[in-house]
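# Structural description and commentary
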Amino acid sequence: MNKLDIYQWLIFESLLKKYGNQRDSFLLMEKMFPENKRIKQLANSLEKGKSLNEVLINDFFEKSLAYYCCYIPIDKAISIVYQQRKQLKANQKKLLSDLSYQLLLLVVSIVIFYVFMNLVLPSMISSLSTLQSDTISLVETFKVLNIVKNVFLSLLIVIILFVLYVFKSNKINMLWMFLHKYKMDGFLKSLATYLFVVDLKVLLDNNISLQKSLDIIRHNKNNMLACLLAYQLHNSLIEGNQFEDSLDNQFFDSQFHAICLYGLRNDDFISSLKDYEDIMELKMNRSLKKIGALVQIICYGFVSIIIILAYQVLMIPLTIIEGI
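The paragraphs below set out a description of the structure included in this document. Since the model is a prediction, treat every value here as computed from it, not as a measurement.

## Quick look at the environment of K50
Summarising the element assignment, K50 is placed in the loop between α3 (37–47) and α4 (52–55). When near neighbours in sequence (up to four residues on either side) are disregarded, K50 contacts S45 and V55.

## Looking at the nonpolar core
Core analysis: the biggest nonpolar cluster contains 64 residues, and W9, F26 and F196 have the highest contact counts within it. Top element by residues in this core is helix α9 (residues 186–205). It accounts for 10 residues. Aside from chain neighbours lying at most four places away, what touches W9 is L4, F26, L42, L56, F61, E62, L65 and I78. Counting residues in hydrophobic clusters, the runner-up holds 17 residues, among them F116, C299, A310 and V313.

## With respect to unusual backbone geometry
Even without being a glycine, N207 presents a positive backbone phi close to 65 degrees. Following the sequence through the fold, N207 ends up in the loop between α9 and α10 (210–218). One non-glycine residue with positive phi stands out, namely D267, at about 55 degrees. Position of D267 relative to the elements: it lies in the loop between α13 (254–265) and α14 (269–323).

## What about the pattern of salt bridges?
Scanning the entire structure with this criterion turns up 8 salt bridges. E13 is paired through a salt bridge with K17; the nearest N and O atoms lie 3.2 Å apart. You can see E13 and its partner K17 sitting in helix α1 (residues 6–19), 4 residues apart, about one turn around the helix. Residue classification places E13 among the buried positions, given a relative accessible area of 9%. Linking D215 and R218 is a salt bridge whose minimum nitrogen-to-oxygen distance equals 3.0 Å. Of this pair, D215 and R218 both sit in helix α10, 3 residues apart, roughly one helical turn. A single burial state applies to D215 and to R218, both of which are buried.

## Some points on a nonpolar patch on the surface
Taken together, the side chains of I147, V151, L155, I159, F162, V163, Y165 and F167 define a hydrophobic patch exposed on the protein surface, amounting to about 820 Å² of accessible area. Within the secondary structure, V151 sits in helix α7 (residues 132–168). A relative accessible area of 45% places V151 in the partly exposed class.

## What about the side chain of S272?
One can find S272 in helix α14. Among all residues touching S272, those that are not within four sequence positions of it are I259, C260 and G263.

## A few points about α13
Along its 12 residues, α13 runs 17 Å from first to last C-alpha, staying within 8% of the 16 Å computed at 1.5 Å per residue. If you check which residues of α13 are buried, you get F256, H257, I259, C260, L261 and G263. Two residues or fewer after α13 comes D267, characterised by a positive phi angle close to 55 degrees.

## What about the packing of aromatic side chains?
If you walk through the whole model with that rule in mind, you get 15 aromatic pairs. Taking the centre distance of 5.5 Å and the plane angle of 75 degrees together, the rings of Y67 and Y68 count as edge-to-face. Here Y67 falls in the buried class, since its relative accessible area comes to 16%. When the centroid spacing of 6.4 Å and the interplanar angle of 90 degrees are considered together, the rings of F196 and F256 count as edge-to-face. One end of the pair, F196, is in helix α9; the other, F256, is in helix α13, with 60 residues separating them in the sequence. The class for F196 is buried, based on a relative accessible area of 0%. A relative accessible area of 0% means that F256 is categorised as buried.

## Some words on the state of the cysteines
Scanning the model with the defined rule gives 0 disulfides in all. C69 takes part in no disulfide bond, and the closest cysteine sulfur to it belongs to C70, at a distance of 7.2 Å.

## Regarding the side chain of D75
The topology assignment puts D75 in helix α6 (residues 74–127). One buried charge, D75, has no salt-bridge partner; the nearest side chain with opposite charge is K17, at 5.2 Å. In contact with D75, other than residues within four places in its own chain, are E13, L16 and K17.

## What to know about α9
Between its first and last C-alpha, α9 extends 28 Å over 20 residues, near the 28 Å set by a 1.5 Å rise per residue. A large share of α9 lies buried, amounting to 15 of its 20 residues. With its phi angle positive at about 65 degrees, N207 sits one or two positions after the end of α9.

## Thoughts on the environment of N53
Counting through the fold element by element, N53 comes out in helix α4. C-alpha separation for the pair N53 and Q83, spaced 30 residues apart in sequence, amounts to 19 Å. Once residues within four sequence positions are removed from consideration, N53 is found in contact with A66, C69 and C70.

Thresholds applied
- Sequence order sets the numbering: in each chain, residues are counted from 1 along the sequence as written.
- Per-residue local features of the predicted model are confined to residues with pLDDT of at least 70, and side-chain atom pairs are confined, for both listing and counting, to 80 or more; whole-chain, interface and lining totals are unaffected and use all residues.
- Each side-chain value is worked out from all heavy atoms of the structure, with water and hydrogens disregarded.
- Numbering of helices and strands starts at the N terminus; helices are DSSP runs of H or I of at least 4 residues and strands are runs of E of at least 2.
- By definition in these notes, contact holds between two residues if any of their heavy atoms fall within 4.5 Å.
- Within this scheme, the nonpolar core is defined by two criteria: the residues are buried Ala, Val, Leu, Ile, Met, Phe, Trp, Tyr or Cys, and they are joined through side-chain atoms within 4.5 Å.
- Throughout, exposure labels follow a simple rule: accessible area from a 1.4 Å probe, protein chains only, divided by the maximum for the residue type, with under 20% read as buried, over 50% as exposed, and the rest as partly exposed.
- Here a salt bridge means any side-chain nitrogen of Lys or Arg lying within 4 Å of a carboxyl oxygen belonging to Asp or Glu.
- Note on patches: the residues involved have over 30% relative accessible area and no salt bridge, like charges join within 9 Å, and the nonpolar side chains Val, Leu, Ile, Met, Phe, Trp and Tyr join within 5 Å.
- Each accessible area is a Shrake-Rupley estimate made with a 1.4 Å probe; only the visible protein chains count as cover when residues are assessed.
- How far a helix is expected to stretch is found by multiplying one less than its residue total by 1.5 Å.
- Centres within 6.5 Å make a pair out of two Phe, Tyr or Trp rings, where for Trp the six-membered ring is used; the pair is then stacked when the planes are under 30 degrees apart, edge-to-face when over 60, and tilted otherwise.
- Disulfide assignment relies on a single distance test, namely cysteine sulfur atoms paired within 2.5 Å.
- Charged residues are defined narrowly, with Lys and Arg counted positive, Asp and Glu counted negative, and His plus the chain ends left uncounted.

Laid out in structure tokens, this is it:
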């Protein structure tokens, strides 16, 4: 095993708080987990005089720790990254549980529709090729549907590839600026504000000052959406604006400003962040239900087209027999 899991990092955090020495904590962990080669590597690197954030490059968790270690002690960094990962996994689990059935249904419907349009229906029409006069309208309908199917699948593939490119190449902020120009960034604005609030709340809960929290978020390239919001807020404060006025920014969700004003007036800013987080989760749940309903309608549409076309083909011989 060549990495530490989250459980082992939490043990390291506990040992570090007790003994206060990183190398000694790793040496203790080396005895607790002798099969873990990564613990020995980290202990040896510290013995050679390297700082921990220089050698934390093994996986995403380590890289996140290395970044936070530039601003705060390692024990706090572990706690913060753990809380953020826990929140992320909870959101991913919620998303999968709400949409997994609908997405599976969509994939199966597309596959069945594709197989029917490319294999089954052409074979059925070919078997009735001697009845040319009766199948001509069906053939024309088939051609039109085939074009629609190809366009739909091409668009779907393009959209999937575009989304993957945007997220893999960290171009999400460029996409946001483009959509913002045409006032089509409502979803990204809400998502960015939510991600910003989640990170800011975790940092403030761990007794990190507001100014340092904003610095941490605005330089964090692993969360580009929240990074942009922190950058906008920081610039507004540098220009001399009051904090509550700085929150009234074109890139923030309008509800966020209203909720934070209420929290600031009651001297409870952190609670207002929690309130916004809860409201956004309720809105996301409602949006997921709408998306799920839309996906089901699309699936039923595919199935309906298959049933109608199969019925039309099967009815041709009966129509001919009735005419004799």
